[in-house]
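# Report on the structure
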Amino acid sequence: HTRARLLCIGSISTIALIAPAVGDTPAPVVLLDGFLLFKGLTIFVIAYAFAPGTRATTTLLHAVLVCGVVAGVIGMIEMVAPSLVRDLLPLTAQGSRGGQTCIVSIFEHEGQAGWFFAFVATIAFSLYVVHRRPLLLGTFLFLALCSVLTLRRKPIVGLVVMVLVFVLVGRKANQRRRA
């Protein structure tokens with residue numbers, strides 16, 4: 001049963017990669033499409049490899065947080081000294097929105113950076129809600145700031161909506177406890 005699913009996913013992935021490669025699509029675009037296509041599959045395989053225990057899941061989420069913080073630190077250094085980051089790391093993208101410098105960090109586009117930082121900030125916030133550790137709250141605030149500094153609206157709106165939903169759900173839970 002699992003083999004059939006993997007064969008199906010592999011077939012669809014192969015078709016999705018061959019189709020643009022046969023046309024006039026530039027090789028970097030085909031490679032980026034391949035990365036985006038296999039990103040979900042990779043996450044599925046990694047998650048499937050771990051036992052579905054709380055400890056393994058928390059460890060994996062903390063590893064993602066560390067990657068997010070490292071990318072965020074690179075982005076913050078980029079805001080202060082963009083030429084230093086470009087000299088030390090072979091990155092080509094420079095972020096600018098409406099004439100304002102914005103964080104791109106290790107990504108090709110500020111949209112990718114904004115999504116990534118918002119995603120990892122959501123993980124930090126979720127872990128903070130469960131464990132109530134101040135370090136996780138600080139990590140959330142740092143990553144949310146990184147997402148804001150990408151100057152992309154959708155990640156910022158996503159973070160605001162997430163926090164509002166948490167506040168509303170928390171408020172309803174408190175009202176039920178009091179009743």
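In what follows, the accompanying structure is described. (Residues numbered from 1 in each chain as written. Predicted model: local features only at pLDDT ≥ 70, side-chain atom pairs only at ≥ 80, totals over all residues. Heavy atoms only, no water.)

## A few points about the pattern of salt bridges
Should the charged atoms of two oppositely charged side chains come close, the side chains can pair. This is how it is decided: Salt bridges are counted wherever a side-chain nitrogen of Lys or Arg sits within 4 Å of a carboxyl oxygen of Asp or Glu. Runs of E in the DSSP output that reach at least two residues are strands. Runs of H or I that reach at least four are helices, and both are numbered from the N terminus. Working definition: with a 1.4 Å probe on protein chains only, accessible area under 20% of the residue-type maximum means buried, over 50% means exposed, and in between means partly exposed.
Across all of its chains, the model carries 1 salt bridge by this definition. With its nearest N and O atoms 3.8 Å apart, the salt bridge here joins arginine 152 to glutamate 110. Of this pair, arginine 152 sits in the loop between helix H6 (134-148) and helix H7 (153-178) while glutamate 110 is found in helix H5 (residues 110-131), placing the two residues 42 residues apart along the sequence. Overall, the relative accessible area of 22% leaves arginine 152 in the partly exposed class. Taking relative accessible area as the criterion, glutamate 110 reaches 9% and is therefore assigned buried.

## With respect to helix H3 (residues 54-80)
Spelled out, the test is: A helix's residues, less one, multiplied by 1.5 Å, set its expected span.
Here H3 spans 39 Å end to end across 27 residues, near enough to the 39 Å set by a 1.5 Å rise per residue. All of the buried residues in H3 are Ala56, Thr58, Leu65, Gly68, Ala71, Gly72, Ile74, Gly75, Met76 and Glu78.

## What to know about the side chain of serine 105
So the rule is basically this: Polar contacts, as used here, are pairs of N or O atoms within 3.5 Å; protein pairs need one atom able to donate a hydrogen and one able to accept it. Residues neighboring in sequence count only if both atoms are side-chain atoms.
Its location among the elements puts serine 105 in the loop between strand E2 (100-102) and H5. A distance of 2.6 Å separates the side chain of serine 105 from the backbone oxygen of alanine 71, its partner in a polar contact.

## What to know about the packing of aromatic side chains
The criterion, for reference: Ring pairs are drawn from Phe, Tyr and Trp, using the six-membered ring of Trp, whenever the two centres fall within 6.5 Å, and their geometry is named by plane angle: stacked under 30 degrees, edge-to-face over 60, tilted for the rest.
Evaluation of the coordinates by the stated rule reveals 6 aromatic pairs. For the ring pair phenylalanine 125 and phenylalanine 140, a centre distance of 4.9 Å and an interplane angle of 50 degrees mean the geometry is tilted. Separated by 15 residues along the polypeptide, phenylalanine 125 in helix H5 and phenylalanine 140 in helix H6 bring together distant segments of the chain. With a relative accessible area of 7%, phenylalanine 140 lands in the buried category. Between the aromatic rings of phenylalanine 125 and phenylalanine 166, the centroid separation amounts to 5.1 Å while the plane-to-plane angle is 90 degrees, which identifies the pairing as edge-to-face. Taken as a pair, phenylalanine 125 in helix H5 and phenylalanine 166 in helix H7 lie far apart in primary sequence, 41 residues in all.

## As for the packing of H3 against H5
Put simply, the test is: For helices, the axis comes from a line fit to the C-alpha atoms of the stretch in contact; other axes are also lines fit to C-alpha atoms, and the angle between any two N-to-C directions lies between 0 and 180 degrees. Our angle categories are set so that under 35 degrees counts as roughly parallel, over 145 as roughly antiparallel, 65 to 115 as roughly perpendicular, and the remainder as oblique. The crossing is said to be left-handed when, going from far helix to near helix, the turn is anticlockwise and less than a right angle, and right-handed when the turn is clockwise. The contact criterion used is simple: two residues touch if any of their non-hydrogen atoms lie within 4.5 Å. Each residue gets one label: Ala, Val, Leu, Ile, Met, Phe, Trp, Tyr, Cys and Pro are nonpolar, Asp, Glu, Lys and Arg are charged, and the others, such as Gly, are polar.
Viewed as axis vectors pointing N to C, H3 and H5 meet at an angle of 135 degrees, and their least axial separation amounts to 10 Å. One finds that H3 runs oblique with respect to H5. Here the hand of the crossing between H3 and H5 comes out left-handed. The residues of H5 that touch H3, namely those facing Thr58, Leu61, His62, Val64, Leu65, Cys67, Gly68, Ala71 and Gly72, are Phe116, Phe117, Val120, Ile123, Ala124, Leu127 and His131. Residue composition of the contact of H3 with H5, grouped by class: 11 nonpolar, 5 polar and no charged.

## Here's the deal with the environment of glycine 158
Counting through the fold element by element, glycine 158 comes out in helix H7. A relative accessible area of 39% places glycine 158 in the partly exposed class. Along the primary structure glycine 158 and phenylalanine 119 are separated by 39 residues, whereas in three dimensions their C-alpha atoms are 9.2 Å apart.

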